[in-house]
Amino acid sequence: MAAELHVELVAADRSVWSGEATLVVARTASGDIGVMPGHQPLLGVLESGPVTIRTSEGGTVVAAVHGGFISFADDKLSLLAEIAELADEIDVQRAERALERAKSDTDAAAERRADVRLRAVAVR
Amino acid sequence: MGAQLRVYKRRIQAVTATKKITKAMEMIAASRIVKAQRKVQASMPYATELNRAVTAVATGSSAKHPLTTEAESPARAAVLLITSDRGLAGGYSSNAIKAAERLRERLAGEGKEVDTYIVGRKGVAYYGFRERKVAESWTGFTDSPAYGDAKNVAAPLIEAIQKDSAEGGVDELHIVFTEFVSMMTQNPVDNRMLPLSLDKLDEGAEESGTKGEILPLFDFEPSAEDVLDALLPRYVESRIYNALLQAAASEHAARRRAMKSATDNAGDLIKSLSRLANAARQAEITQEISEIVGGASALADATAGSDK
């Protein structure tokens, strides 16, 4: 059996996803980073963007993460985010509407949030 | 119906109506406690993980950061006081305010200026009535705080602590809130949030069951300072969020207890009032009988007299 790492994806108000995975790809401040079992202990700042988790069953979980942290030690990986959503939970039409609205209101933060959601859905 | 009896009847009616209201409030509060507790539980994983991360950076790097190092002569401290928006919760708000007053005195005794930040209308009213200065206040979300509310509250506090105390910033950050221990017990507590003391973090770790774990040497991405810079505001927000949630649960529990005793008291009052009403009715009947008997005998005496 291939080595696995335990992933906890937690948002500020709930636990979004947890399970075993073989690879996690996330975007930190200095670029995309892939974490596999046995990686050296790591603590990084996440950028807003999609996080891809390859589960040990061979599936892929994609989540939109709006800022946060990645911390990895002892084959346990935690992704902390103020807001995190699984791609499956994202309502594409709503996100698109939100993006349009944010663009017309020139609300940069809302535009970024909507954009991250849509990108997470695109990766899925 | 006699006047006395009518007065009792009216009072019983009024108390019964009040009892119905307090009973309803008790029930609403009881259902909200469960919801609030669930929210506290749901926020735990994030708080625990964040605590671990902060401990890891604070112990694993020698980086000096304004938020982790104690000022040599702290001149000013910020106190965040969490109260409720609404009353009818027994001593909930006043207990929290009292705890804040004690903390204020202690800090003033140590020669620090105190800036007060308040959440909840009750605390604002208390300070407003005494015409004390409040640095900033927030109202309207103490029933069920969202993470966004915690962020709003945290923003000016973080800004204040990052400023130099000479320019109106603060050196310490304290938080006063009501800790939810159980349905029956809620304690007002004051905590120093910043600067971080590592013993406090250890205590937190003990609660979350990670005590004694040897923390590995982390590789920081992009650098320890940057991570700490990003981490500490989140840490403050998460602590404030947790405090708000616990305070909300405590508020509902305090309201439930207050309303339960109000309902019980109304029940007692109704009981004693109906005893009095019964006695009044009985007295009225007795009086009527004696009046009739008296009238009849007077009549009998009168007719007996006229026969002669």
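These numbers come from a predicted model, not from an experiment. (Residues numbered from 1 in each chain as written. Chains lettered and ligands numbered in written order. Predicted model: local features only at pLDDT ≥ 70, side-chain atom pairs only at ≥ 80, totals over all residues.)

Turning our attention to the nonpolar core. Judged by nonpolar contacts, the single largest core of 103 residues is most densely connected at Ala63(A), Val57(B), Val79(B), Ile82(B), Leu157(B) and Val176(B). With 19 residues, the single largest contributor to this core is helix α6 (residues 224-307) of chain B. Looking at which domains feed residues into this core, each of domain 1 (5-87) and domain 2 (91-123) of chain A gives three or more. The residues touching Ile82(B), leaving out its near neighbours within four places in the chain, are Ala96(B), Val119(B), Gly120(B), Val176(B), Phe177(B), Ala243(B), Leu244(B) and Ala247(B). (Core = buried A, V, L, I, M, F, W, Y, C linked by C-beta atoms within 7 Å. Buried ≥ 20, exposed ≤ 12 C-beta atoms within 10 Å, placed from the backbone. Helix = DSSP H or I, 4+ residues; strand = E, 2+ residues; numbered from the N terminus. Domains from an automatic or database assignment. Contact = placed C-beta atoms within 7 Å.)

Bringing the environment of Lys103(A) into the picture now. Residue and element names in this part refer to chain A. By the element assignment, Lys103 lies in helix α1 (residues 92-105). C-beta crowding within 10 Å serves as the criterion here: with 14 such atoms nearby, Lys103 is assigned to the partly exposed category. Distance in space between the C-alpha atoms of Lys103 and Leu5 is 39 Å, their sequence separation being 98 residues.

The next point concerns the sheet that holds strand β5 (residues 186-194) of chain B. All names here are of chain B. Here 5 strands make up an open sheet; going across it, the order is β3-β2-β1-β4-β5 and the pairing mixed. Only two strands of the sheet have a single partner each, and these edge strands are β3 (136-138) and β5. With strand direction ignored, the average angle separating the axes of adjacent strands in the sheet is 20°. For strand β2 (residues 113-119) and β3, the ladder comprises 3 bridges, and the chain directions are parallel. In the strand pairing of β3, Tyr117 is matched with Glu136. Contacting β1 (76-82), β2 and β3, helix α3 (residues 121-129) runs over the sheet at an angle of about 135° to β2. (Pairing = 2+ DSSP bridges. Axes fitted to C-alpha atoms, helices over the stretch in contact; angles between N-to-C directions.)

Residue and element names in this part refer to chain B. With 18 residues, helix α2 (residues 92-109) should reach 26 Å at 1.5 Å per residue; the first-to-last C-alpha distance of 26 Å fits that figure. Where α2 is concerned, the buried positions are Tyr92, Ser93, Ala96, Ile97, Ala100, Leu103, Arg104 and Leu107. For α2, the angular spread of buried residues about the axis comes to 120°, placing them on one side. Summarising the geometry of α2, the exposed residues directed more than 90 degrees from the buried face are Glu105 and Gly109. Positive backbone phi, at 80°, marks Gly111, one or two positions downstream of α2. (Expected span 1.5 Å × (residues − 1). Arc of directions from axis to C-beta.)

Let us now look at the domain arrangement of chain A. Residue and element names in this part refer to chain A. As assigned here, chain A comprises domain 1 (5-87) and domain 2 (91-123). Of note, the centres of domain 1 and domain 2, computed from C-alpha atoms alone, are 22 Å apart. With 10 residues of domain 1 at the interface, the matching set in domain 2 holds 8 residues. Here the side of domain 1 that touches domain 2 gets 4 residues from one element, more than from any other, and that element is strand β6 (residues 60-73). Taken together, the residues of the side of domain 1 that touches domain 2 sort by class into 5 nonpolar, 4 polar and 1 charged. (Nonpolar A, V, L, I, M, F, W, Y, C, P; charged D, E, K, R; others polar.)

Attention now moves to the pairing of β2(B). All names here are of chain B. Judged by how many residues are buried, β2 sits mostly within the fold: 6 of 7 residues are covered. The pairing of β1 with β2 spans 7 bridges and is parallel. Looking at β2, one finds that Arg76 is bridged to Glu113. Note on the crossover from β2 through α3 to β3: the handedness is right-handed. (Right-handed = clockwise from strand over helix to strand, strands pointing away.)

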